[in-house]
Amino acid sequence: MTIQTGIGASVRRKEDLRFLTGRGNYVADHSLPHMTRGMFLRSPHAHATIDSIDISGALAVEGVIAVYTGEDMQAAEVGGLPCAWPVTGKGGVPTIEPMHPVLAVGKVRHVGDPVAIVVAETLEAATAGAEAIEVEYGVLEPAVGMLEALAPGAPVVHDDAPGNLCFDWEVGDAAAVDAAFEKAAHVAHLSLVNNRLAGNPMEPRACIGDYNTGTGQFTMWTTSQFPHIVKLLMGNFVLGIPQHKLRVISPDVGGGFGVKQFHYAEEAAVTYAAKQLGRPVKWVCERTEAFISDAHGRDHISEAELALDEKGTFLGLRVKTIANMGGYLSTFGPNIPTNLYGLLLAGVYTTPAIYCEVKGVFTNTQPVDAYRGAGRPEATFLLERLVDVAADDMGLSKVDIRRRNFIPKDAYPYQTPVMVNYDSGDHEGCLDQALASADWDGFEARKAESARNGKLRGIGLCTYIEACGLAPSRIAGALGVRGGLFESATVRVHPTGDITVLMGTHNHGQGHETTFAQIVSERFGLPTDKIEIVFGDTDKIQFGLGTYGSRSLAVGGPALVRSTEKVIEKGKKIAAHMLEADASDIVFENATFSVAGTDRKKDFAEIALAAHMPHDYPLEVLEPGLEEQSFYDPVNFTYPGGAHIAEVEIDPETGIVDLLSYVAVDDIGTVINPMIVKGQLHGGIVQGVGQALFENCVYDEESGQILSGSFMDYCMPRADRLPNMVVETHSTFCTHNGLGVKGCGEVGTIGSPATVINAVVDALSHLGVTHVDMPASPSRVWRIINEAASRQAAE
């Protein structure tokens, strides 16, 4: 019996053996000869001038080798951390990009802002040295909340950003939206907050800088999702290292979620220190340190209005959002609440007129950037909550109002009024399948049973679409990105016929070593155990853009397929020579090259050997060797979508929300490995549920101190609070990338927050509750229930 290992098979993850047996290759596991340890002194204040720094106490600590401050780096002409994706605002006004120093110079702008790095022989000495540094701060009033930061007379975070406004961006046709609202029979209104989140990957960030004094070669190990981009940004913009003298290695990475997508100050600091000392410098983030040094996600305040006719047909959508940038611009910060948010506000609906404006605001808080979903969960949450509000206002069912506004399946490709063009989708099909799997029609009986037990039961629905396969360089360039967004793959066939694949993407938990091997297995007819996937080393791998925005399979996959096609074509020419046939008569199937209509054939290994031992070989027309490289830049994003349904039960005495069931039906295109897809969807849904019910970054409004800076205060979802999820697919196929894939890494996080909150609001709707901001924590829900009950009693 042949075991299927190609596309569509639930092959066990190849990488899991080393992870489960403790043999993963993580940055923190690396130890180099003469390696030192680095520790950062971070600001305890959200906003303060640095009046003086006395490092003498640190240098007196036994084992401390050196201390570097922002002034040291300024004197060495170290550059600031660059923003790679600014946006152009109203009237062509560019994003304001203040200097983001590696170590603070003159002023700190958030709690955790790095002030100095201490390098010592041991971690204990480095920690003691950091504690011995004396800094005199001139404490300033911080601008903590976004609305407060925009208010006249607010403390100024950056002198070159008056009023703390980073950008004022818009998309859509404001005049067309105004006209739609003038003729509307009804307008639904919603004010909401999309809460700030900390990514909290299982592995904290870490980096090691090394410098070879003999060759002038720099090497930096880092927990990064895109080592080539770190190499480019740090080498070219920050430290001035020629690209051929800098190697960046990102080995096994224990989760990313966007948090490890950026170029961080610590990477540049340890590399700078390694050059000064001629010794490796290692830094490993502590968990509590991560809360004040990792980029955060989300953090919006929005006002939204939906215009409808008398039948509930959508006429126009108007959105005004304020988005937090934090104390500095992170690598992709301005792009997330603009291009990845406003361009997705059409959702799955035929709304003819849309206008969105977004103001990016500097505050004295941790910088904000991409977190799993990155802009699309925020857009989906706003839109799907607003649709539910409109349904309640007009007395329509949550299902019917969606059906009457869906983009029909036969309307694709579909041009939205906010720039993007969807290539495929079947929203009716996803919804029908989800309704059946969730037993939507049986909900009332379950609700009555909950009521008999003193509980409030609600059901929530979300239908969504997202843009991923983040890539098209022409589109992204027009939207402001400072670079290309293609992807690359090299297929190296060894003389034995074994395969090494070099991918420009990065694997940090998604199972790429398995899924990419399955694609090669499908193309060549070889078992996956003969195929090795390599990533994460800029000296080994051709230039690639890494993994984020669910792009690995949608952009890296087609590059890989192209390289396999090139190998097969060259193999046919070699086989034609060996079999004395014309290349057009050679057929390749199941790892065998044969002459069509005959029994003459050569297997894959024979062709591989011939390519490397060209004794009988057409050297006049073919080079020896069997290795091919491809770069792929798509013409469009990919557009996964789906329908999610959740049921919750609320205890009115405590406000505790129990998630009882969750059904997800997603359109993700071709499924390479169903088991891995389910794992990705489970993880994404749980992270979205975490935002909806548990997680929240909270700052003290007066001091700017983070109040949820550890797992004692930042509540994460746990397995015992989650149901067994029903995860299914209902796929249409991407029309432009050859594989038909769309991406699945973020869909769960995009659909679940709105689904769960819609269910919570449904459970409380009899009390007159129309909206609940995230997270729907017990204290918040209890307060809403009691306030609503008091209002009803007063009436």
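Parameters at a glance
Residues numbered from 1 in each chain as written. Predicted model: local features only at pLDDT ≥ 70, side-chain atom pairs only at ≥ 80, totals over all residues. Heavy atoms only, no water. Patch = residues over 30% accessible without salt bridge, like charges linked within 9 Å, V, L, I, M, F, W, Y side chains within 5 Å. Areas by Shrake-Rupley, 256 points an atom, 1.4 Å probe, with all protein chains shown as cover. Salt bridge = Lys/Arg side-chain N within 4 Å of Asp/Glu carboxyl O. Helix = DSSP H or I, 4+ residues; strand = E, 2+ residues; numbered from the N terminus. Expected span 1.5 Å × (residues − 1). Buried < 20%, exposed > 50% of the residue type's maximum accessible area, 1.4 Å probe, protein only. Contact = heavy atoms within 4.5 Å. Axes fitted to C-alpha atoms, helices over the stretch in contact; angles between N-to-C directions. Parallel < 35°, antiparallel > 145°, perpendicular 65-115°, else oblique. Left-handed = near helix turned anticlockwise from the far one by under 90°. Nonpolar A, V, L, I, M, F, W, Y, C, P; charged D, E, K, R; others polar. Pairing = 2+ DSSP bridges. Phe/Tyr/Trp six-rings, centres within 6.5 Å; stacked < 30°, edge-to-face > 60°. Lys NZ or Arg CZ within 6 Å of the ring centre and 35° of its normal. 1 Å grid on protein atoms, 1.4 Å probe; cavity = no way out; pocket = protein on both sides within 12 Å on 5 of 7 lines; lining within 4 Å. Points joined across faces, edges and corners; volume = space filled by probe spheres on them. Right-handed = clockwise from strand over helix to strand, strands pointing away.

K.L.:
For this particular structure, what's the right way to read a nonpolar patch on the surface?
P.N.:
A cluster of nonpolar side chains, contributed by L232, F237 and F543, occupies part of the molecular surface with about 250 Å² of accessible area. By the element assignment, F237 lies in helix 7 (residues 227-238).

K.L.:
Looking at this structure, I do not really get helix 10 (residues 376-394). What am I missing?
P.N.:
Because an α-helix completes one turn every 3.6 residues, residues spaced three or four positions apart along the sequence face the same direction. Relative to the 27 Å expected for 19 residues at 1.5 Å per residue, helix 10 spans 27 Å between its end C-alpha atoms, a close match to the ideal helical length. With 16 of its 19 residues buried, helix 10 lies for the most part within the structure. Trailing helix 10 by a residue or two, G395 shows a phi angle of about 70°, which is positive.

K.L.:
How do you make sense of the environment of T505 when you look at a structure like this?
P.N.:
Relative to the assigned elements, T505 resides in the loop between strand 21 (499-503) and helix 15 (512-524). For T505 and I676, which are 171 residues apart along the polypeptide, the C-alpha to C-alpha distance reads 17 Å. Look past the residues within four positions of T505 in its chain and what remains in contact with it is E487, H512, F516, F535, G546, T547, S552 and G556.

K.L.:
It is not clear to me how the packing of helix 10 against helix 19 (residues 747-764) should be interpreted in this structure. Could you clarify?
P.N.:
In a packed pair of helices, the relevant descriptors are the angle between the two axes and the axis-to-axis distance. One way to put it is that helix 10 packs onto helix 19 with a least axis distance of 8 Å and a crossing angle of 30°. Classified by the angle their axes make, helix 10 and helix 19 are roughly parallel. In the crossing of helix 10 with helix 19, the sense of the turn from one axis to the other is right-handed. Touching R376, P377, T380, F381, E384, R385 and D388 of helix 10 are T749, I750, P753, A754, I757, N758 and V761, all from helix 19. In terms of residue class, the contact of helix 10 with helix 19 is made up of seven nonpolar, three polar and four charged.

K.L.:
Looking at this model, I keep getting lost on the sheet that holds strand 25 (residues 601-603). Mind explaining?
P.N.:
The strands that make up a sheet are held in pairs by hydrogen bonds between backbone atoms, and each pair lies either parallel or antiparallel. Spatially, 23-24-25 is the arrangement adopted by the three strands of the open sheet, whose pairing is antiparallel. Either end of the sheet is taken by a strand with one partner, and the two such strands are strand 23 (586-589) and strand 25. When strand polarity is set aside, the average angle formed by the axes of neighbouring strands in this sheet is 20°. Two elements, strand 23 and strand 24 (residues 592-595), share four bridges in a ladder whose sense is antiparallel. Considered in strand 24, the bridge of E589 is made with T592. Against the sheet, helix 17 (residues 604-612) engages strand 23, strand 24 and strand 25, with an angle of about 80° to strand 25.

K.L.:
What am I meant to see in the packing of aromatic side chains here?
P.N.:
Aromatic ring pairs are defined here through the distance separating the ring centres and the angle between the ring planes. Taken as a whole, this structure holds 21 aromatic pairs when the rule is applied. With 6.0 Å between their ring centres and 65° between their planes, F262 and Y264 make a pair best called edge-to-face. Take F262: its relative accessible area is 1%, and that puts it in the buried class. For Y264, a relative accessible area of 8% gives the class buried. The rings of W85, F226, F332 and Y548 are connected pair by pair, giving a single aromatic cluster. Over the aromatic face of Y264 sits the side chain of R205, whose NZ or CZ is 3.6 Å from the ring centroid.

K.L.:
Help me understand the layout of surface pockets, please; the structure alone is not making it clear to me.
P.N.:
One way to see where empty space is left: roll a probe the size of a water molecule over the atoms. When its volume is computed, the second largest pocket comes out at roughly 720 Å³. Per-class residue counts for the lining of the second largest pocket are 13 nonpolar, five polar and eight charged.

K.L.:
I would appreciate a short explanation of the pattern of salt bridges in the present structure.
P.N.:
Enumeration over the complete set of coordinates arrives at 41 salt bridges. When the shortest N-O distance is used, the salt bridge between R402 and E384 registers 2.9 Å. You can see R402 sitting in helix 11 (residues 398-403) and its partner E384 sitting in helix 10, a full 18 residues away along the chain. For E384, a relative accessible area of 1% corresponds to the buried category. Residue D392 pairs with K398 through a salt bridge whose shortest N-O separation is 3.5 Å.

K.L.:
Hey, could you run me through the pairing of strand 22 (residues 531-534) in this one?
P.N.:
Every other side chain in a regular strand lies on the same face of the sheet, so the side chains alternate between the two faces. Where strand 21 lies against strand 22, four bridges are found, and the strand directions are parallel. Opposite V501, over in strand 22, you have I533 as the bridge partner. With helix 15 bridging strand 21 and its parallel neighbour strand 22, the resulting β-α-β unit is right-handed.

K.L.:
Looking at this model, I keep getting lost on empty space enclosed by the protein. Mind explaining?
P.N.:
For the coordinates displayed, the defined rule picks out ten cavities of 30 Å³ or more. The calculated volume of the largest cavity comes to roughly 200 Å³. Around the largest cavity, the lining is made up of 24 residues, and of these L81, H100, Y264, S293 and P367 lie nearest the centre. Considered class by class, the residues forming the lining of the largest cavity number 13 nonpolar, eight polar and three charged. Here the second largest cavity is characterised by a volume of approximately 60 Å³. Lining of the second largest cavity is provided by R298, H300, A323, N324, M325, G333, I336, P337, V368, D369 and E378. Counting residues per element, the ones that place at least two in the lining of the second largest cavity are strand 13 (296-308), strand 14 (314-326) and strand 16 (368-369).

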